[in-house]
Amino acid sequence: MKQQCIQVDKKKGESVRKVLMENGALDTSVRIVSDESYIYIPLISAVDLKDLLFEDLQVTEHDFKVHEKPATLESILGHIPRYEVIGNIALLESDEGDLETTAAALLKVQPHLHTVLSALSPVEGEFRTRRFTFVKGENTTQTVHREYSCKYAIDMEKAYFTPRLATERSRILEQVKDGEVIVDMFAGVGPFSILIAKGRPSCRVVAIDKNPEAVKFLRHNIELNAVSNVEAVEGDAKEEAQRYIGVADHIIMNLPHTAQEFLGAAIVIAKPGTVIHYYDITPESDLYSTSLGHIESAASKAGFAVELIGTRIVRSYSPHQFNVCIEVKLY
Ligand code: SAM
């Protein structure tokens, strides 16, 4: 499409473009073109150039191509589907209508994605895993997820992982001081443990998980992130606790629903001054009281008193239930 433009020496192109832009004279709907010597800057047709022209500028005509707007999910599908991205995998909500069409749109607008899956089950069982249906792209449940400065190799079907706890993990890191000992009782593939180990190289991190597949990835992730201060332990946190009596400055109990059963083991690992980061799923009518009561009762059995140092909603879990974190200090 031919239109009016300014022909300017390449060296002056940027300054002229700026002046035209500031004065509303630049036509941004088409691409600026150049050849070996000149840049051709498209003009809005109604513009009055009298006050703008520099000495050696030439007004001429040239062919311009219209900027193609990149396709968006909304422009392709008419709505924005619900999905989350884990590494190169997009995970679609199973009620997202025509999954195949939605997946094709996702792969088109986000070229870094290689796979689209849809969840076939909720997080379930002792190892907190999910089953998935393959929708489009490469048929795999494996990927590498990047979070803050860390990388996590994951098999979404074999071990638990959610990117939704990223902020929570960095919040815990901020509470850890140099030289402390952290016991991550339900470590999964290592996102709390490795972030802390990397952020506080002088700390010792004990990362326990019962799921052998999770521990396989945890070990791999320790190498992937080149951290040497994480001890990966495959086993039941209740039994493994006996090997770490009274060592912990921080205990991370990220096993919502069931963490209560492991409070006795956490107290074994604890010493005066230990901070327990306790995660639970609670109803909005009783976000913290009952869970705090469980912590207090387990602590008092071992002669510890409890100081509540923080409570927070981490994320919503269902319409009236929340994933919460309760933080206490024992003394
Ligand atoms: N903290 C990890 C994260 O943020 O990705 C994983 C959390 S996931 C909700 C809970 C983990 O606890 C799972 O990896 C599961 O295998 C592990 N688990 C369940 N029962 C366990 C037990 N008795 N001892 C140790 N780990 C256990």
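Residues numbered from 1 in each chain as written. Predicted model: local features only at pLDDT ≥ 70, side-chain atom pairs only at ≥ 80, totals over all residues. Heavy atoms only, no water.

Peer 1: Please clarify how the sheet that holds strand β1 (residues 2–9) should be interpreted in this entry.
Peer 2: Within a beta sheet, neighbouring strands are joined by backbone hydrogen bonds and run either parallel or antiparallel to one another. Taken in spatial order, the 4 strands make up an open sheet running β2-β3-β1-β4, and their pairing is antiparallel. Edge positions in the sheet fall to β2 (33–34) and β4 (58–63), since each has one partner strand and no second. As judged from the 5 bridges shared by β1 and strand β3 (residues 38–42), these two strands associate in the antiparallel manner. Its bridge partner being in β3, Q7 is matched across the sheet by Y40. (Pairing = 2+ DSSP bridges. Helix = DSSP H or I, 4+ residues; strand = E, 2+ residues; numbered from the N terminus.)

Peer 1: What is the right way to look at the site of the ligand in this model?
Peer 2: Around the ligand, the structure places 20 residues, and the nearest of them are E126, F186, D209, A237 and N254. Between the ligand and the protein, one listed contact pairs a nitrogen atom with a side-chain N or O atom of D236 at 3.4 Å. Starting from 600 Å² of accessible surface for the ligand in isolation, the protein chains cover 98%. Here the shell around the ligand is composed, by residue class, of 10 nonpolar, 4 polar and 6 charged. (Near = heavy atom within 4 Å. Polar contact = N/O pair within 3.5 Å; in protein donor to acceptor, adjacent residues only side chain to side chain. Areas by Shrake-Rupley, 256 points an atom, 1.4 Å probe, with all protein chains shown as cover. Nonpolar A, V, L, I, M, F, W, Y, C, P; charged D, E, K, R; others polar.)

Peer 1: Quick question: what am I supposed to make of the pattern of salt bridges here?
Peer 2: Where charged atoms of side chains with opposite charge meet at close range, the side chains can pair. One pass over the full model with this rule turns up 17 salt bridges. Notably, a salt bridge pairs D63 with K2, separated by 3.9 Å at the nearest N-O pair. Here D63 is found in strand β4, whereas its partner K2 is found in strand β1, with 61 residues between them in sequence. You can call D63 partly exposed: its relative accessible area is 42%. Taking the relative accessible area as the measure of exposure, K2 reaches 55% and is therefore exposed. A salt bridge links R312 to E168; the shortest N-O distance between them is 2.3 Å. Of this pair, R312 sits in strand β16 (residues 306–318) while E168 sits in helix α4 (residues 166–175), placing them 144 residues apart in sequence. By relative accessible area, which is 27% here, R312 ends up partly exposed. A residue is classified by how much of its surface remains accessible, and E168, at 2% relative accessible area, is buried. Within this structure, E168, R171, R312 and E327 form a network of salt bridges that share partners. (Salt bridge = Lys/Arg side-chain N within 4 Å of Asp/Glu carboxyl O. Buried < 20%, exposed > 50% of the residue type's maximum accessible area, 1.4 Å probe, protein only.)

Peer 1: Would you mind showing me how to read the sheet that holds strand β17 (residues 321–330) here?
Peer 2: If you walk across this open sheet you meet the 7 strands as β13-β12-β11-β14-β15-β17-β16, and the pairing is mixed. At either margin of the open sheet sits one strand with a lone partner, and together these are β13 (230–234) and β16. Direction aside, the axes of adjacent strands within the sheet are offset by 20° on average. As paired elements, strand β11 (residues 181–184) and strand β12 (residues 204–209) share 4 bridges and run parallel to each other. In the sheet register, D184 faces β12, and the bridge partner there is A207. (Axes fitted to C-alpha atoms, helices over the stretch in contact; angles between N-to-C directions.)

Peer 1: Sorry, what's going on with helix α9 (residues 289–301) here?
Peer 2: One turn of an α-helix holds 3.6 residues; hence residues three or four places apart share an orientation. Here α9 spans 18 Å end to end across 13 residues, near enough to the 18 Å set by a 1.5 Å rise per residue. By the burial criterion, the buried members of α9 are S291, L292, I295, A298 and A299. An end-on view of α9 places all buried positions within 130° of arc, on one side of the element. In α9, the exposed residues that point more than 90 degrees away from the buried face are S289 and K301. Of the surrounding secondary structure, the elements contacted by the buried residues of α9 are α8 (263–269), β15 (275–283), β16 and β17. Just beyond α9, the residue with positive phi is G303, at close to 85°. (Expected span 1.5 Å × (residues − 1). Arc of directions from axis to C-beta. Contact = heavy atoms within 4.5 Å.)

Peer 1: Mind showing me how you'd approach the nonpolar core here?
Peer 2: When a protein is soluble and globular, its nonpolar side chains tend to lie buried together. M156 and I196 are the most contacted members of the largest nonpolar core, which has 39 residues in total. Only β6 (89–92), β7 (115–119), β10 (150–155), α4, α5 (191–199), β12, α6 (212–224) and β13 provide two or more residues apiece to this core. Setting aside its immediate chain neighbours within four residues, I196 contacts I172, L173, V176, I182, V205 and I252. The next biggest cluster of nonpolar side chains, apart from the first, holds 32 residues, and it includes I208, M253, F304 and V328. (Core = buried A, V, L, I, M, F, W, Y, C linked by side-chain atoms within 4.5 Å.)

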